[in-house]
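Next come the chains, spelled out residue by residue.
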Amino acid sequence: MKFTCSQKKFLESILTVQSAVSTRSNIPALEGILIETENDVLKLVGSNLNLSIESHTSATIQKEGSIVVPARLLTEIVRKLPDAEFEFTVLANNNVKITCLNSIVTLQCFSADEYPALPDIAESQPIEINKTLLIDMIRQTTFAVAVDEARPILTGALLEIDGKDVAMVCLDGYRLALRRGVMDTPHDSVRVIIPGKSLGEIAKILPEDDRKVSITISERHVLFDLGYTRIISRVLEGEYINYSQIIPEDYKTRVKVDTRILTSSMERASLIAREGKNNLIRLNIQDQKMLITSNSEVGQVYEEVPILLEGEELEIAFNARYFMEMLKVIDDPEICLDFTTNVSPCVVRPINDHHYTHLLLPVRIYS
Amino acid sequence: MKRTVFLVDMNAFFISCETTRNPELAGRPAAVAGDPKNRSGIILAANYEARKYGVKTTMLLHRARKLCPDILLVPPDHAFYERKSREVMELLSRYSPVIEQNSIDEAWLDMTGCEALFGPPLESSRRIMAEIRRKPGLMCSIGISENKFLSKMASDMKKPMGITELWKEDVPEKLWPLPVGAMYGVGTQTAEKLNGLGIETIGQLACFPEELLREKFGKGGTELYRLANGIDPSKVTPHAEHEMKSIGKSTTLSTDIRDIAEAEKTLYRLADSIGTSARKHGKKGRTVQITIKYSDFHTITRQKGIRATYLTKEIYTAGTELLRQNWNRNKPVRLLGISISGFDADSAADQISLFDTPGGEQSTKQEKLERTVDRIREKHGVFAIRPAILFADRDDESDS
């Protein structure tokens with residue numbers, strides 16, 4: 001195997017696939033990057049079996065072949081090569097020689113035979129989704145996936161497609177984030193649960209342009225095809241919680257508030273709250289205003305936020321972190337908070353449309 | 001600025017309290033003691049007249065009677081001592097707002113800067129002593145120094161009704177000759193270890209290389225070294241409640257038992273009591289531990305983790321589970337105890353979950369029930385409402 005490639009292009013590809021490479025695996029080859037010639041392009045693959053990323057880059061191929069190069073070393077070496085063309089040659093005994101201007105590096109590598117085969121995704125009709133919509137859906141929901149493995153299914157995000165409607169849902173028991181969207185091209189109804197970690201990597205890789213991503217779902221895997229890059233993730237098996245049942249329809253207290261004002265008040269209150277043991281903020285909802293208070297050993301914060309109240313006054317408390325994480329992903333200038341009691345969920349939505357819904361469970365306080 | 005710290009220690013507190021309402025006890029050997037019918041019948045507090053005969057705290061009754069046949073014995077009345085204690089604390093808080101109660105019968109006062117109000121320390125301490133003698137009618141001794149440790153050591157030097165100053169410059173002369181075991185904070189175990197290192201007196205400890213103590217005792221080694229040198233930067237902090245590490249209660253049974261049903265009943269009573277107090281302090285524990293002392297005095301402790309709780313029912317359930325696993329019907333049991341520890345950083349707040357199971361609803365219900373019981377008892381006394389299984393036995397409870 002022999003090819004020449006520009007350092008810049010090659011590094012870009014390496015960095016794309018590297019996030020999927022296992023840091024520690026009982027298959028040593030998985031700690032490497034698979035490099036393969038495919039007609040006149042070069043294919044790089046990183047994988048940890050749960051998530052695999054393929055990246056294609058153009059190169060001048062002199063001899064076909066494939067090899068697995070230790071990922072960490074390869075990244076460091078290529079990063080430090082001068083910005084020029086380099087030559088990559090596989091020698092005998094899986095040794096690789098990289099020649100760039102006046103530098104020659106040889107590396108001990110693995111045979112491509114030791115690299116596990118990537119899952120085959122059965123051909124089926126792909127879902128065509130707008131890239132910006134996909135990025136938004138991931139950003140606005142995955143912060144709410146469960147971190148602990150008590151309920152493995154909740155470490156993933158539910159992707160639901162029905163005709164032109166698409167929705168992504170994450171919940172960890174203490175909060176729920178739901179983002180809806182509309183696709184240009186309809187697709188059959190389908191549901192899949194994708195690990196939150198995979199989605200996080202996908203969001204990082206997706207370039208922000210107006211192109212479409214095509215998603216293919218098979219029984220065990222989901223493929224995100226971005227053209228030059230393909231991402232294959234394992235899906236989580238099992239039944240997701242019937243989330244629509246959890247979201248209350250009614251409310252006794254409705255608060256309309258300016259997102260920016262609420263966020264800055266909340267940020268100040270969080271500063272003090274997080275110094276305490278429980279990271280607690282209290283809301284005292286009155287006519288025309290909502291008082292936000294927090295206190296801990298280091299001090300206290302009192303904030304008055306102007307609101308429009310519909311319904312009853314209420315006193316309720318939340319974990320400041322959960323509240324802040326939710327506010328951070330809200331883009332609309334005005335939101336509406338619906339409450340029933342101070343021990344039942346609070347529902348947060350933008351005022352004008354319903355493309356996302358957040359649900360936040362309060363903290364029970366004893367006086 | 002040099003601080004001024006008082007330690008006010010009530011002398012022979014329980015029996016002195018009794019003497020205030022029963023003048024007959026004055027001037028005669030007397031003691032507060034558990035019920036002799038129960039085996040928990042030990043001396044809880046002897047007055048100074050009885051101490052002359054050699055009667056000491058924790059001594060068994062028959063032994064005390066042998067030493068001093070005329071001794072007058074009074075059963076304990078903890079509620080009364082609590083009231084008296086509050087009276088004393090209220091009086092003390094008129095002298096300084098910075099007051100840390102260390103136990104039912106002693107407290108530290110930070111008197112720094114109070115000279116202008118009450119005169120120099122010796123004068124103000126005399127005033128405090130006289131006032132306590134007059135109004136609650138009790139005796140105390142007072143230790144005066146610049147930190148908590150030295151004031152505590154000073155208060156032990158002259159009893160009863162003594163006022164002792166122990167400043168840092170007095171340490172080599174007054175403190176160093178004392179055995180290490182007399183040091184506040186040094187128990188039998190530590191004292192033995194120190195003796196093993198050839199350290200017999202506080203002076204020897206003060207001159208011992210600090211690094212070696214650190215090696216042997218860790219952080220505590222440095223602490224010991226500092227204290228022996230009269231250094232104690234800890235502040236007089238009002239309400240040490242947040243430092244609570246566990247809540248527990250044990251009882252010596254009136255007769256040895258072999259019947260597990262009997263043991264469970266006792267355990268319920270104890271769980272009920274610690275549950276009440278845990279709820280009062282808002283402390284939820286994650287560990288339940290039981291103690292079983294057999295008739296041969298062999299003692300075992302067993303523990304298990306539970307979800308953070310202060311509910312009597314949950315504490316009891318975990319406790320009985322441990323009891324059943326470790327019950328040995330061939331070994332009669334003399335004492336039973338139960339405690340909770342591993343308190344949640346914050347119990348006053350609970351993040352509600354969508355999956356508040358097992359029995360999220362149920363535990364809320366149970367909480368409401370137990371809190372209601374607490375309120376009824378607060379108003380009408382502990383016996384106003386009790387679980388039915390405890391109705392059979394109304395014999396006096398002698399817990400420690």
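What comes next concerns the included structure. As the structure is a computational prediction, the values presented were derived from the model and not from experiment. (Residues numbered from 1 in each chain as written. Chains lettered and ligands numbered in written order. Predicted model: local features only at pLDDT ≥ 70, side-chain atom pairs only at ≥ 80, totals over all residues. Heavy atoms only, no water.)

1. Focus: the overall build of chain B
Helix and strand counts for chain B stand at 15 helices and 13 strands. For chain B, the proportion of its 400 residues judged to be buried stands at 47%. The contacts in chain B between residues at least 6 apart in sequence include a share of 64% that link residues at least 24 apart. For chain B, the accessible surface area stands at approximately 20,600 Å², while carbon and sulfur atoms represent 51% of it. (Helix = DSSP H or I, 4+ residues; strand = E, 2+ residues; numbered from the N terminus. Buried < 20%, exposed > 50% of the residue type's maximum accessible area, 1.4 Å probe, protein only. Contact = heavy atoms within 4.5 Å. Areas by Shrake-Rupley, 256 points an atom, 1.4 Å probe, with all protein chains shown as cover.)

2. A short note on the overall build of chain A
The helix and strand tally for chain A stands at 7 helices and 24 strands. The buried share among the 367 residues of chain A stands at 52%. Only carbon and sulfur atoms are counted for the fraction: they give 46% of the accessible area of chain A, which is about 17,500 Å².

3. A short note on the sheet that holds strand S15 (residues 229-234) of chain A
Residues and elements named next belong to chain A. Ordered in space as S6-S2-S3-S4-S15-S14-S13-S10, the 8 strands form an open sheet in which the pairing is antiparallel. Each of the sheet's edge strands pairs with one partner strand only, and the pair in question is strand S6 (66-70) and strand S10 (127-130). Averaged over all neighbouring strand pairs, the angle between strand axes comes to 20°, with direction disregarded. Where S10 meets strand S13 (residues 212-217), 4 bridges bridge the pair, whose relative direction is antiparallel. Paired with Glu 128 across the bridge in S13 is Ser 214. Sheet contacts for helix H3 (residues 131-141): S10, S13 and strand S14 (221-225); angle to S10, the most-contacted strand, approximately 80°. (Pairing = 2+ DSSP bridges. Axes fitted to C-alpha atoms, helices over the stretch in contact; angles between N-to-C directions.)

4. Things to note about the interface of chain A and chain B
Of the residues lining the interface, 21 residues belong to chain A; the matching set on chain B comes to 16 residues. Summed over both partners, the interface of chain A with chain B comes to about 1,500 Å²; 62% of that surface belongs to carbon and sulfur atoms. The interface formed by chain A and chain B includes 0 salt bridges. Scanning the region where chain A abuts chain B turns up 4 residue pairs in polar contact (both at pLDDT 80 or more). If one sorts the elements of the side of chain A that touches chain B by residue count, strand S24 (residues 363-365) of chain A sits on top with 3 residues. Taken together, the residues of the side of chain A that touches chain B break down into 14 nonpolar, 3 polar and 4 charged. (Buried area = accessible area lost by both parts, 1.4 Å probe. Salt bridge = Lys/Arg side-chain N within 4 Å of Asp/Glu carboxyl O. Polar contact = N/O pair within 3.5 Å; in protein donor to acceptor, adjacent residues only side chain to side chain. Nonpolar A, V, L, I, M, F, W, Y, C, P; charged D, E, K, R; others polar.)

5. Focus on helix H7 (residues 148-155) of chain B
Residue and element names in this part refer to chain B. In terms of burial, H7 is a largely internal element, 8 of the 8 residues being buried. Every buried residue of H7 is accounted for by Lys 148, Phe 149, Leu 150, Ser 151, Lys 152, Met 153, Ala 154 and Ser 155. A distance of 3.3 Å separates the backbone nitrogen of Phe 149 from a side-chain oxygen at the start of H7, and that oxygen is part of Asn 147.

6. Focus on unusual backbone geometry
At the junction of Lys159(B) and Pro160(B), the peptide bond is cis and its omega measures out at -10° in the coordinates. Positionally, Pro160(B) belongs in the loop between H7 and strand S8 (163-165). Unusually for a residue other than glycine, Leu49(A) sits at a positive phi of about 75°. Examined against the element boundaries, Leu49(A) turns out to sit in the loop between strand S3 (41-47) and strand S4 (51-58). Unusually for a residue other than glycine, Asn93(A) sits at a positive phi of about 55°. On the basis of relative accessibility, which here comes to 65%, the residue Asn93(A) falls in the exposed class.

7. Remarks on the nonpolar core
The biggest cluster of nonpolar side chains holds 60 residues, and the ones touching the most others in it are Phe3(A), Phe10(A), Ile35(A) and Phe224(A). At 6 residues, strand S11 (residues 156-171) of chain A tops the list of elements feeding residues into this core. When residues of this core are assigned to domains, at least three fall in each of domain 1 (2-114) and domain 2 (127-212 + 231-245) of chain A. In this structure, Ile35(A) is in contact with Met1(A), Phe3(A), Phe10(A), Leu42(A), Lys43(A), Leu44(A), Gly65(A), Ser66(A), Ile67(A), Val69(A), Leu74(A) and Phe88(A), ignoring residues within four places of it in sequence. Counting residues in hydrophobic clusters, the runner-up holds 35 residues, among them Phe6(B), Met111(B), Cys114(B) and Cys140(B). (Core = buried A, V, L, I, M, F, W, Y, C linked by side-chain atoms within 4.5 Å. Domains from an automatic or database assignment.)

8. Remarks on the packing of aromatic side chains
Applying the stated rule across the entire model yields 14 aromatic pairs over all chains. Ring centres 4.4 Å apart and planes at 10° place the aromatic pair Phe14(B) and Tyr81(B) in the stacked group. On the criterion of sequence distance, the pair formed by Phe14(B) in helix H1 (residues 13-21) and Tyr81(B) in helix H4 (residues 78-93) is long-range, its members being 67 residues apart. Each of the two residues, Phe14(B) as well as Tyr81(B), counts as buried. Among the aromatic residues, those joined into a ring-pair cluster are Phe3(A), Phe10(A), Phe86(A) and Phe88(A). Lys148(B) extends its terminal NZ or CZ atom over the ring of Trp108(B), reaching a point 4.7 Å from the ring centre. Across from the ring centre of Tyr294(B), 4.2 Å away, lies the NZ or CZ of Lys331(B), which sits over that ring. (Phe/Tyr/Trp six-rings, centres within 6.5 Å; stacked < 30°, edge-to-face > 60°. Lys NZ or Arg CZ within 6 Å of the ring centre and 35° of its normal.)

9. Remarks on the packing of helix H11 (residues 210-217) of chain B against helix H12 (residues 219-228) of chain B
All names here are of chain B. Here H11 crosses H12 at 140°, and the two axes come no closer than 6 Å. Relative to H12, the element H11 lies oblique. Considering the relative orientation of H11 and H12, their crossing is right-handed. Contact residues: H11 offers Glu 210, Leu 213, Arg 214 and Phe 217, while H12 offers Lys 219, Gly 220, Gly 221, Thr 222, Leu 224 and Tyr 225. (Parallel < 35°, antiparallel > 145°, perpendicular 65-115°, else oblique. Left-handed = near helix turned anticlockwise from the far one by under 90°.)

10. Focus: the side chain of Ser22(A)
Residue and element names in this part refer to chain A. Note that Ser 22 resides in the loop between helix H1 (7-18) and strand S2 (32-38). Of the polar contacts made by the side chain of Ser 22, one reaches the backbone oxygen of Ser 47; its length is 3.2 Å. The contacts of Ser 22, once residues within four sequence positions are left out, are Leu 30, Glu 31, Ser 47 and Asn 48.

11. Looking at the packing of H4(B) against helix H6 (residues 121-134) of chain B
Between two packed helices, what matters for the description is the angle formed by their axes and the separation of those axes. All names here are of chain B. At a minimum axis separation of 11 Å, H4 and H6 run at an interaxial angle of 145°. Here H4 and H6 pass one another in a crossing that is right-handed. When H4 is examined against H6, the residues Val 88, Leu 91 and Leu 92 are found in contact with a partner set consisting of Ile 128, Glu 131 and Ile 132. Taken together, the residues of the contact of H4 with H6 break down into 5 nonpolar, no polar and 1 charged.

12. A short note on the environment of Pro332(B)
Residues and elements named next belong to chain B. In this fold, Pro 332 is placed in the loop between helix H14 (312-326) and strand S12 (333-343). Of the residues examined, Pro 332 reaches a relative accessible area of 15% and is grouped as buried. Among residues more than four places away in sequence, those in contact with Pro 332 are Asp 256, Ile 257, Arg 258, Tyr 294 and Ser 295.

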